[in-house]
Structures are given as C-alpha cells and as structure tokens.
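# Per-entry structural report
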Amino acid sequence: MSELFLYRLSRLQAQAVAPVGRLCQARYGLSRREWRLIVVLARHGPVLSSELAERAQLDRARTSRIVTTLVDMKLASREVIPSDRRHARVALTDQGRALYDEFLPVVVELNRQLLLALSPEEVQQLDALMERLAERAAANLKALQVPKPT
C-alpha cells in the first residue's frame, strides 16, 4: 500500500459517515457524536455515564458535555446515583427513542447504498476481514501495556 492503511481507513470513514452527519444536523440539529450516544443508549441503555463513554469510544469529559446537550434537548435523562453522587445513569427519553426510531432507517439505507459497490460475496468477505482486523487491533492495544487515559 502506497499510503498508510490507517490513514486510508480514516479517510474512508470520514467520507462514508459524512452523509449521516449532514442529515442528522439538518433534520435534528444533532452532531454525529450526539447521534452516536443516542444509538448507544438505544441499544444498551440505561447505562452509567462512564459505561456510555466507553461504549461510544469517547472520553468521559466529552461524553458528559454531550449528555448535557441531549438532556437540554430532552432526548436523554440523567439520574444521579444516590449511593455515589459522582455517577449518573443515562437513558433515552421517549422523545429520544422516537428520534432514534425515525432516523435509524435512514442510516441503515445509507449503509446499504454504500455496500452496493460490493457484491454480496465481497460484503461477506469484508465483514470477515473487518472482524479479523478488529481482533488484531484489540490485541495490539493490549500488547502496549500502557494505562488507559482517564
């Protein structure tokens, strides 16, 4: 490969998600990161804010700011844990769930459109290759033996 693989992958990711970001912003006034938290909450919530940050692969401070925005927009709720006031449980509101249910089919269709560039066999092959790369990336990270950023 003439260019670094991770750079090419990053560029592809940016190009592929741009339509999602633009539509989400235009229709709902949401950023891609805000949408990402809505997706995580829809699939795994309610969760502790620390778990939300981990699942969304965002740092805790950024996640906290985004949750505050979603709470202000009445798309999410935050409940402080009485036994440990440093922790809060975050959940989608009915309005947040409705937004997710409305916009998810659009995102699914954008994904489908992108994959039309490949044959069904190539999609299966790509899926298997991505799984192998994810496993290798996790192993590489574990092998670094450096502490997680807080």
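See above for the structure.
What counts as what
Residues numbered from 1 in each chain as written. Predicted model: local features only at pLDDT ≥ 70, side-chain atom pairs only at ≥ 80, totals over all residues. Heavy atoms only, no water. Phe/Tyr/Trp six-rings, centres within 6.5 Å; stacked < 30°, edge-to-face > 60°. Helix = DSSP H or I, 4+ residues; strand = E, 2+ residues; numbered from the N terminus. Buried < 20%, exposed > 50% of the residue type's maximum accessible area, 1.4 Å probe, protein only. Pairing = 2+ DSSP bridges. Axes fitted to C-alpha atoms, helices over the stretch in contact; angles between N-to-C directions. Parallel < 35°, antiparallel > 145°, perpendicular 65-115°, else oblique. Contact = heavy atoms within 4.5 Å. Nonpolar A, V, L, I, M, F, W, Y, C, P; charged D, E, K, R; others polar. Salt bridge = Lys/Arg side-chain N within 4 Å of Asp/Glu carboxyl O. Expected span 1.5 Å × (residues − 1). Bend = angle between axes of the 7 residues up to and from the residue.

## Regarding the packing of aromatic side chains
Applying the stated rule across the entire model yields three aromatic pairs. With a centroid separation of 5.9 Å and 25 degrees between ring planes, the pair formed by Trp-35 and Tyr-100 is classed as stacked. Of the two residues, Trp-35 sits in helix α2 (residues 32-44) while Tyr-100 sits in helix α5 (residues 94-115), which places them 65 residues apart along the sequence. For the pair shown, Trp-35 and Tyr-100 are each scored as buried. Seen from their ring centres, Trp-35 and Phe-103 are 4.9 Å apart, and the 85 degrees between their planes marks the pair as edge-to-face. A residue pair is termed long-range when its members are at least 10 positions apart, and Trp-35 in helix α2 and Phe-103 in helix α5 qualify at 68 residues.

## Some words on the sheet that holds strand β1 (residues 47-48)
With respect to topology, three strands assemble into an open sheet ordered β1-β3-β2, the strand pairing being antiparallel. Two strands in the sheet have a free side with no partner beyond their single neighbour: β1 and β2 (76-80). Of the pairings in the sheet, the one linking β1 to strand β3 (residues 88-92) comprises two bridges and is antiparallel in character. What sits directly across from Val-47, in β3, is Val-90.

## Digging into unusual backbone geometry
Cis geometry is adopted by the peptide bond preceding Pro-46, which originates at Gly-45 and carries an omega value of -10 degrees. Topologically, Pro-46 is positioned in the loop between α2 and β1. With a phi angle near 60 degrees, Gln-57 is a residue other than glycine that sits in the positive phi range. Looking at where Gln-57 falls in the secondary structure, it is placed in the loop between α3 (49-56) and α4 (60-72). By relative accessible area, which is 70% here, Gln-57 ends up exposed. For Lys-74, which is not glycine, the phi torsion reads 65 degrees and is therefore positive. Within the secondary structure, Lys-74 is located in the loop between α4 and β2. Residue classification places Lys-74 among the exposed residues on the basis of a relative accessible area of 57%.

## Some points on the packing of α2 against α4
Two elements in contact, α2 and α4, have axes whose closest approach is 10 Å; the angle formed by their N-to-C orientations is 85 degrees. The angle between α2 and α4 falls in the class roughly perpendicular. Taking contact as the criterion, the partners of Arg-33, Glu-34, Leu-37 and Ile-38 in α2 are, on α4, Arg-62, Thr-63, Ile-66, Val-67, Thr-69 and Leu-70. Here the residues of the contact of α2 with α4 sort into five nonpolar, two polar and three charged.

## Quick look at the pattern of salt bridges
This model, assessed by the stated rule, comprises three salt bridges. A salt bridge links Arg-97 to Asp-101; the nearest nitrogen and oxygen atoms lie 4.0 Å apart. One end of the pair, Arg-97, and the other, Asp-101, are both in helix α5, four residues apart, so they sit about a helical turn from each other. Arg-97 sits in the partly exposed class, given a relative accessible area of 33%.

## Focus: helix α1 (residues 5-28)
With 24 residues, α1 should reach 34 Å at 1.5 Å per residue; the first-to-last C-alpha distance of 34 Å fits that figure. Taking the largest bend as the criterion, α1 deviates by roughly 40 degrees, centred on Val-17, and proline Pro-19 comes between one and four positions later. Every buried residue of α1 is accounted for by Val-20, Gly-21, Cys-24 and Tyr-28. For α1, the elements touching its buried residues are α2 and α5.

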